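A closer look at the structure
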Amino acid sequence: MHKAVLLQLGATLLATAIAAVFFGVRGAVSAASGGLACVLPSWFFAWRLMSTTRRKGTATVTAFVAGEFIKLASIVGLLGLVLALYPDVHWGALLIGLVLALKANLFAFLVKT
């Protein structure tokens with residue numbers, strides 16, 4: 001789980017660098033905000049799932065589904081918070097950061113542990 005979160009963080013940093021080159025500081029802040037809106041709930045979900053597994057020995061399906069729902073709701077809430085706090089958001093850069101962070105999980109199986 002933590003490998004996937006680290007890949008999401010790396011994808012967010014890549015999106016931030018790309019947005020900085022093409023869109024400037026406004027784009028870099030937007031891409032970082034979009035990516036971090038995905039990375040932070042994913043990290044919390046992975047941490048919570050690992051602590052539940054260590055405490056009980058196994059994670060239940062209910063805990064996983066509830067955690068995933070809370071993660072998705074947190075992503076939507078953080079994106080709303082970004083839009084409320086940063087009205088000068090660059091939509092293209094925000095979506096690039098968000099999509100790259102979300103799709104980084106697809107490449108988690110390629111990284112050897």
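Read on for a plain summary of the structure. Values in this document were obtained by computation on a predicted structure and should not be read as measured data. (Residues numbered from 1 in each chain as written. Predicted model: local features only at pLDDT ≥ 70, side-chain atom pairs only at ≥ 80, totals over all residues. Heavy atoms only, no water.)

Interaxial distance between helix H1 (residues 2-56) and helix H2 (residues 61-85) falls to 9 Å at its minimum, and their mutual angle equals 155 degrees. By the criterion of interaxial angle, the relationship of H1 to H2 is roughly antiparallel. The element H1 and its partner H2 pack so that their crossing is right-handed. When H1 is examined against H2, the residues Ser 33, Gly 34, Ala 37, Cys 38, Pro 41, Ser 42, Phe 45 and Leu 49 are found in contact with a partner set consisting of Phe 64, Gly 67, Glu 68, Lys 71, Ser 74, Ile 75, Leu 78, Leu 79 and Val 82. (Axes fitted to C-alpha atoms, helices over the stretch in contact; angles between N-to-C directions. Helix = DSSP H or I, 4+ residues; strand = E, 2+ residues; numbered from the N terminus. Parallel < 35°, antiparallel > 145°, perpendicular 65-115°, else oblique. Left-handed = near helix turned anticlockwise from the far one by under 90°. Contact = heavy atoms within 4.5 Å.)

When you line up the elements, Ser 42 lands in helix H1. There is a polar contact of 3.2 Å between the side chain of Ser 42 and the side chain of Gln 8. Beyond its immediate chain neighbours, meaning those up to four positions away, Ser 42 contacts Val 5, Gln 8 and Lys 71. (Polar contact = N/O pair within 3.5 Å; in protein donor to acceptor, adjacent residues only side chain to side chain.)

Further remarks concern the packing of aromatic side chains. As enumerated under the stated definition, the model contains three aromatic pairs in all. Both rings, one in Trp 43 and one in Trp 47, keep their centres 6.5 Å apart while their planes meet at 15 degrees; by these two values the pair is stacked. Of this pair, Trp 43 and Trp 47 both sit in helix H1, four residues apart, which is roughly one turn of that helix. Looking at Trp 43, the relative accessible area reads 42%, which means it is partly exposed. Ring geometry for Phe 44 and Trp 47: centres 5.6 Å apart, planes at 35 degrees, overall tilted. You can see Phe 44 and its partner Trp 47 sitting in helix H1, three residues apart, about one turn around the helix. Phe 44 sits in the partly exposed class, given a relative accessible area of 43%. When its relative accessible area of 43% is taken as the criterion, Trp 47 is described as partly exposed. (Phe/Tyr/Trp six-rings, centres within 6.5 Å; stacked < 30°, edge-to-face > 60°. Buried < 20%, exposed > 50% of the residue type's maximum accessible area, 1.4 Å probe, protein only.)

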